[in-house]
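Residues per chain are reported as follows:
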Protein chains: 2
Amino acid sequence: MTETATAAGPRSKSEQAYAAVKARIVDGTYSPGYRLVLAKIAEDLGVSVVPVREAIRRLEAEGLVKFERNVGATVSGIDPTEYLYTMQTLSIVEGAATALSAPLIGAADVARARAVNEEMRECLEHFDPVRFTRLNQDFHSVLFEHCPNPHILDLVHRGWNRLASLRSSTFRFVPGRARDSVDEHEALLRLIETGAAADEIERAARLHRSATLDAYLAQATSTEQQTAQQ
Amino acid sequence: MTETATAAGPRSKSEQAYAAVKARIVDGTYSPGYRLVLAKIAEDLGVSVVPVREAIRRLEAEGLVKFERNVGATVSGIDPTEYLYTMQTLSIVEGAATALSAPLIGAADVARARAVNEEMRECLEHFDPVRFTRLNQDFHSVLFEHCPNPHILDLVHRGWNRLASLRSSTFRFVPGRARDSVDEHEALLRLIETGAAADEIERAARLHRSATLDAYLAQATSTEQQTAQQ
DNA sequence: GCAATAGTTATCGTATACGATTTCGTACTC
DNA sequence: GAGTACGAAATCGTATACGATAACTATTGC
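Residues numbered from 1 in each chain as written. Chains lettered and ligands numbered in written order. Predicted model: local features only at pLDDT ≥ 70, side-chain atom pairs only at ≥ 80, totals over all residues. Heavy atoms only, no water.

**Points about the overall build of chain A**
For chain A, the count of helices and strands is 9 helices and 3 strands. Reading chain A from its N end, one meets helices and strands in the order α-β-α-α-β-β-α-α-α-α-α-α. Counting every position in chain A, which comprises 230 residues, the buried fraction comes to 44%. For chain A, contacts bridging at least 24 residues in sequence account for 75% of all contacts bridging at least 6. Of the accessible surface of chain A, which amounts to about 11,700 Å², a share of 53% is contributed by carbon and sulfur atoms. (Helix = DSSP H or I, 4+ residues; strand = E, 2+ residues; numbered from the N terminus. Buried < 20%, exposed > 50% of the residue type's maximum accessible area, 1.4 Å probe, protein only. Contact = heavy atoms within 4.5 Å. Areas by Shrake-Rupley, 256 points an atom, 1.4 Å probe, with all protein chains shown as cover.)

**Quick word on unusual backbone geometry**
At Asn 70 of chain A, a residue that is not glycine, the phi angle is positive and equals roughly 60 degrees. The class for Asn 70 of chain A is exposed, based on a relative accessible area of 73%. For Phe 127 of chain B, which is not a glycine, the phi torsion comes out positive at approximately 45 degrees.

**Some thoughts on the protein's contact with DNA strand C**
Around DNA strand C, a shell composed of 20 residues is seen, among which Lys 13, Ser 48 and Asn 70 of chain A together with Leu 38 and Arg 53 of chain B lie nearest. The protein-proximal atoms of DNA strand C, defined as those within 4 Å of the protein, are 86% sugar or phosphate. The separation between a phosphate oxygen of DNA strand C and a polar main-chain atom of Leu 36 of chain B is 3.5 Å. Only α1 (13-26) and α3 (49-61) of chain A together with β1 (35-36) and α2 (38-45) of chain B provide two or more residues apiece to the surface near DNA strand C. Class assignment of the residues belonging to the surface near DNA strand C gives a composition of 10 nonpolar, 6 polar and 4 charged. (Near = heavy atom within 4 Å. Polar contact = N/O pair within 3.5 Å; in protein donor to acceptor, adjacent residues only side chain to side chain. Nonpolar A, V, L, I, M, F, W, Y, C, P; charged D, E, K, R; others polar.)

**Considering the protein's contact with DNA strand D**
The environment of DNA strand D is formed by 19 residues, the closest being Leu 38 and Arg 53 of chain A together with Lys 13, Ser 48 and Asn 70 of chain B. Sugar plus phosphate: this is where 86% of the atoms of DNA strand D within 4 Å of the protein reside. Between DNA strand D and Lys 13 of chain B there is a distance of 2.4 Å, counted from a phosphate oxygen to a backbone nitrogen or oxygen. At the level of secondary structure, the elements contributing two or more residues to the surface near DNA strand D comprise β1 (35-36) of chain A together with α1 (13-26) and α3 (49-61) of chain B. In the surface near DNA strand D, the residues fall into 9 nonpolar, 6 polar and 4 charged.

**What to know about the relation of the copies chain B and chain A**
The two copies are related by a screw operation: chain B maps onto chain A through 180 degrees of rotation and 0.0 Å of translation along the axis, at an RMSD of 0.1 Å. On the angle and the small slide along the axis, the relation comes out as a two-fold axis. With an isologous cut-off of 70% or more, the 100% of interface residues of chain B that recur at the interface of chain A puts this contact in the isologous class. (Least-squares fit on C-alpha atoms with pLDDT ≥ 70 in both.)

**Brief notes about the nonpolar core**
In summary, soluble globular proteins display a tendency toward joint burial of nonpolar side chains. Membership of the largest hydrophobic core comes to 36 residues, with the highest contact counts inside it found for Tyr 83 and Val 156 of chain A together with Tyr 83 and Val 156 of chain B. Contributing elements (two or more residues each) for this core: α4 (80-101), α7 (150-167) and α9 (198-223) of chain A together with α4 (80-101), α7 (150-167) and α9 (198-223) of chain B. (Core = buried A, V, L, I, M, F, W, Y, C linked by side-chain atoms within 4.5 Å.)

**Section: the side chain of Arg 162 of chain A**
Here Arg 162 of chain A lies in helix α7. One polar contact links Arg 162 of chain A to Glu 82 of chain A, side chain to side chain, over a distance of 3.3 Å. If near-sequence neighbours (up to four positions away) are discounted, Arg 162 of chain A is found in contact with Glu 62, Gly 63, Leu 64, Ser 76, Glu 82 and Thr 86 of chain A together with His 151 of chain B.

In structure tokens:
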């Protein structure tokens, strides 16, 4: 359902393989570090290795897998540095996407986003981080789905996919951060409703993500362990 | 001779093919609309079609070629809409890259960039748009090459590659724009030298590219012809 | 003369096969 | 017992082959 404009035609086997493996990475079936053996995946999917190889290379281009010559592919890891890069990039492209979308966001969209945000608030009460995370994506989707520039939208999706692939690993919910996040969402909606300048919306959206990154970094620093040094 | 062996290990044939075809697209040997026949390229490069196919798909992911199932690949076209998307995206990621690089740019770098910019000014006198364009890339390379976030840097490079592939087509030099561009370069250097805030540098860099886009759009509107409708 | 259709050709998509490279386990030496 | 050398297994990388699909061409009917 996150596919970008599927033209509904008969998909080639390489596309099937791409979609299948991508889905497994994003939903956590293949978690970071998982070894992707071409022959095995090919057998699972009932195709030969050639289209699988092509699919893997596409996923590599998106940063979801790491490919080493004559060695093989693994699901991209949880290196904190990579996390920082991804979040920083996402803050930029997502900020832009949100700002570009803003003029196209209608009252109905805002209402929908607000409803999602209130659900998120409830998740805070019952401590349901899994649901919270999913709702968070829904919320932001409303904000940037109207982005008129498909290139930027694609970059946003890529960033989210990378984050999704890390979700089930050490990069978790930073407790104190969630409540602030919900409040920032509400503030963002207000800006959009009142037709604030694009600059301002972009800045707010970008800071929203930067704050999440900072919260993570603060936590990581306090923990002060190099969990993944490889 | 086109290959610039970058001190890496033995490249796979798919990588050779990727680099070779990419180079031909970027340097204009294969101009937009050019039909990329797998078998033909394979023969030219002395490899089989499988690695060529993989290379083409990678180039597709970068937006340099367009691939249609059971039909074939062509070098991505010059659709004005795509141009707009690319420039807009580039203005965002390049602005960010420049801002992130700024604190890392030393006096020597600024001097180098300034020298390049003065050369560009000379090109205006002798009307040498080809050289101007190349120098322009050199100038901006100095600004963002220190970008500490490789993801963002990669996005910038992709954008430049796409523009390069269009260079030899109808998207040309907009005469009145070039002089302003050189002045904006100088202003950018001043901001960097004086250690201006990242926000300010980002804004300036972004506007610099937006202005180029606007100049093109103004020209395109006045021309008002759909030159390439195919 | 033009449109529709059938046959031909060109090109892609993928399966299979095999050589190349790496990795892992085992035996041997010091 | 530790380290090294060798060999076997696993896996990747690419060539080749062939079926599938779309583009092209010639022929037929009107």
